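# Remarks on the overall topology
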Amino acid sequence: MPLQLPDLDDRRYADLVEEARALIPTHAPEWTNHNPSDAGITIIELFAYLSEMLIYRLNRVTSANVLSFLKLLNGPDWIPLGKTPQELTPAEIIEQIPATINKMRRLERAVSREDFETLALRADERTARALCLPRRNLEADLERDRPGHVSVIVLPKQEAEAEIADIIKAVSDDLAGVPDDPQKPAKVLLTTHLHVVEPRYLTVEVKATVAPLPDVEETAAKKQVVDAVKSFFDPHTGGESRRGWPFGRNVFVSEVFSLLDQLPGIDFVEKIDVKTAAPGRAITNDAKELIGLEVKPYELVKAQITEADVTVEIS
């Protein structure tokens, strides 16, 4: 919300002239010529003009006030451009105003889930994605509700997967702060127990039976299927958005059917099988037929498929 300018005196030039003219009979009854050509009236108009300028200045927020506000926002040790307030030019004051506004808009505290995820991405450029799960301690208990605990899952970029331990430490230090280091204060709220962890993966085995187009060789058809499935479930580039398979996104057989059916070398899809070694993940319909697999909120999918898992039916 913009700063509302005060209105300490709303009188204008015409108001001031009329107010002064109305006082003439009281203070100078012998003065009877109130026409604009009268020298006295000219002086009244001149003073009204000067008074209006003073009233205008009275209603403005002065540079000194602006600098006081900026110092309140930036802290008592704030010294803009290494100068005293009296040394700053109007242009420099305006420059400091946008700088302070930009600083205020910069996220420095983690409160919401989005705050944690944004700060985690900013903490280390090797981080590709981040997910915050409030009231969870993923270092000790994956399922139990833990008030006061916050877990942040960080997915490293593909080229930095071997550096996951360093990335976790960097993100943790940035969010939780480093003791005895005033340059690295905590960004989480007091009493928050922070846990920064790497992703957990649900391995999903996929097998497919497809019929290729007449001019597509069996080997090429198998490669298309394998590449498509791995790309679809890729944590970095998969999913419908191509920004990575979402955390906790269930796997559905129908989606794999649709994916393979649209491949340029495939005529139709005969059968799709998906399974995982994790117990209790099957999603079935009323007829007890498998329609998908459940993925926990803290999990990503790792598709397991080779050309040996693809059966090609030649018509």
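Definitions and limits used
- Residues numbered from 1 in each chain as written.
- Predicted model: local features only at pLDDT ≥ 70, side-chain atom pairs only at ≥ 80, totals over all residues.
- Heavy atoms only, no water.
- Buried < 20%, exposed > 50% of the residue type's maximum accessible area, 1.4 Å probe, protein only.
- Helix = DSSP H or I, 4+ residues; strand = E, 2+ residues; numbered from the N terminus.
- Arc of directions from axis to C-beta.
- Contact = heavy atoms within 4.5 Å.
- Core = buried A, V, L, I, M, F, W, Y, C linked by side-chain atoms within 4.5 Å.
- Axes fitted to C-alpha atoms, helices over the stretch in contact; angles between N-to-C directions.
- Parallel < 35°, antiparallel > 145°, perpendicular 65-115°, else oblique.
- Left-handed = near helix turned anticlockwise from the far one by under 90°.
- Nonpolar A, V, L, I, M, F, W, Y, C, P; charged D, E, K, R; others polar.
- Salt bridge = Lys/Arg side-chain N within 4 Å of Asp/Glu carboxyl O.
- Pairing = 2+ DSSP bridges.
- Right-handed = clockwise from strand over helix to strand, strands pointing away.
- Phe/Tyr/Trp six-rings, centres within 6.5 Å; stacked < 30°, edge-to-face > 60°.

### Some words on helix α8 (residues 253-261)
The complete set of buried residues in α8 reads Val253, Glu255, Val256 and Leu260. When α8 is viewed along its axis, its buried side chains cluster within an angular range of 160° and face the same direction. Tucked inside the fold, the buried residues of α8 contact β4 (200-212), α7 (218-232), β5 (251-252), β6 (266-275) and β8 (290-293).

### A short note on unusual backbone geometry
The phi dihedral of leucine 81 is positive, around 55°, even though this residue is not glycine. One non-glycine residue, threonine 191, lies in the positive phi region at around 75°. Along the chain, threonine 191 falls in the loop between α6 (164-176) and β3 (193-197). Take threonine 191: its relative accessible area is 69%, and that puts it in the exposed class.

### With respect to the nonpolar core
In terms of nonpolar packing, the biggest core is built from 30 residues, with Val225, Phe233 and Leu260 touching the most fellow members. In terms of residue count, the dominant contributor to this core is α7 (six residues). Counting residues in hydrophobic clusters, the runner-up holds 18 residues, among them Leu119, Cys132, Val152 and Ala160.

### Topic: the packing of helix α1 (residues 13-27) against helix α2 (residues 39-58)
Running from N to C, α1 and α2 point in directions that differ by 135°, and their axes come no closer than 8 Å. As judged from the angle between their axes, α1 and α2 are oblique. Regarding α1 and α2, the two cross each other, and that crossing is right-handed. Residues Tyr13, Leu16, Val17, Ala20, Arg21 and Ile24 of α1 form the contact with α2, whose own contacting residues are Ile41, Ile44, Glu45, Ala48, Tyr49, Ser51, Glu52 and Ile55. Residue composition of the contact of α1 with α2, grouped by class: ten nonpolar, one polar and three charged.

### Quick look at the pattern of salt bridges
Applying the stated criterion across every chain, the model contains 19 salt bridges. Salt-bridge contacts for glutamate 299 lead to arginine 281; the nearest nitrogen and oxygen are separated by 2.9 Å. Of this pair, glutamate 299 sits in strand β9 (residues 299-304) while arginine 281 sits in the loop between β6 and β7 (282-284), placing them 18 residues apart in sequence. A salt bridge links glutamate 294 to lysine 296; its shortest N-O distance comes to 3.7 Å. Linked by salt bridges that have partners in common, Asp124, Arg126 and Glu163 make up one network.

### Considering the pairing of strand β2 (residues 149-156)
When you tally the buried positions in β2, you get eight out of eight residues, the bulk of the element. With seven bridges connecting them, strand β1 (residues 127-134) and β2 associate as antiparallel partners. From the neighbouring strand, proline 134 faces β2, where its bridge partner is valine 150. Direction of pairing for β2 relative to β3: parallel, over a ladder of five bridges. Its bridge partner being in β3, valine 152 is matched across the sheet by valine 196. Crossover handedness for the path β2 to α6 to β3: right-handed.

### A few points about the sheet that holds β7
In spatial order, the strands read β5-β8-β7; together these three strands make up an open sheet with antiparallel pairing. At either end of the open sheet lies a strand with only one pairing partner, and these are β5 and β7. With three bridges joining them, β7 and β8 adopt antiparallel strand pairing. If you follow threonine 284 over to β8, its bridge partner there is leucine 290.

### Some details on the packing of α7 against α8
Put simply, α7 and α8 touch, their axes get as near as 10 Å, and they point 130° apart. Viewed along their axes, α7 and α8 adopt a mutual orientation that is oblique. Helix-helix and strand crossings are classified by hand; for α7 and α8 the assignment is right-handed. Here α7 contributes Val225, Ala228, Val229 and Phe232 to the contact with α8, which in turn contributes Glu255, Leu259 and Leu260. Per-class residue counts for the contact of α7 with α8 are six nonpolar, no polar and one charged.

### With respect to the packing of aromatic side chains
In total, this model carries three aromatic pairs according to the counting rule given. Pairing phenylalanine 232 with tryptophan 245 gives two aromatic rings, centres 5.2 Å apart and planes at 70°, and the pair type is edge-to-face. Separated by 13 residues along the polypeptide, phenylalanine 232 in helix α7 and tryptophan 245 in the loop between α7 and β5 bring together distant segments of the chain. With a centroid separation of 4.8 Å and an interplanar angle of 55°, the aromatic rings of phenylalanine 233 and tryptophan 245 are classed as tilted. Here phenylalanine 233, found in the loop between α7 and β5, pairs with tryptophan 245, found in the loop between α7 and β5; they are twelve residues apart in sequence, far enough to count as distant.

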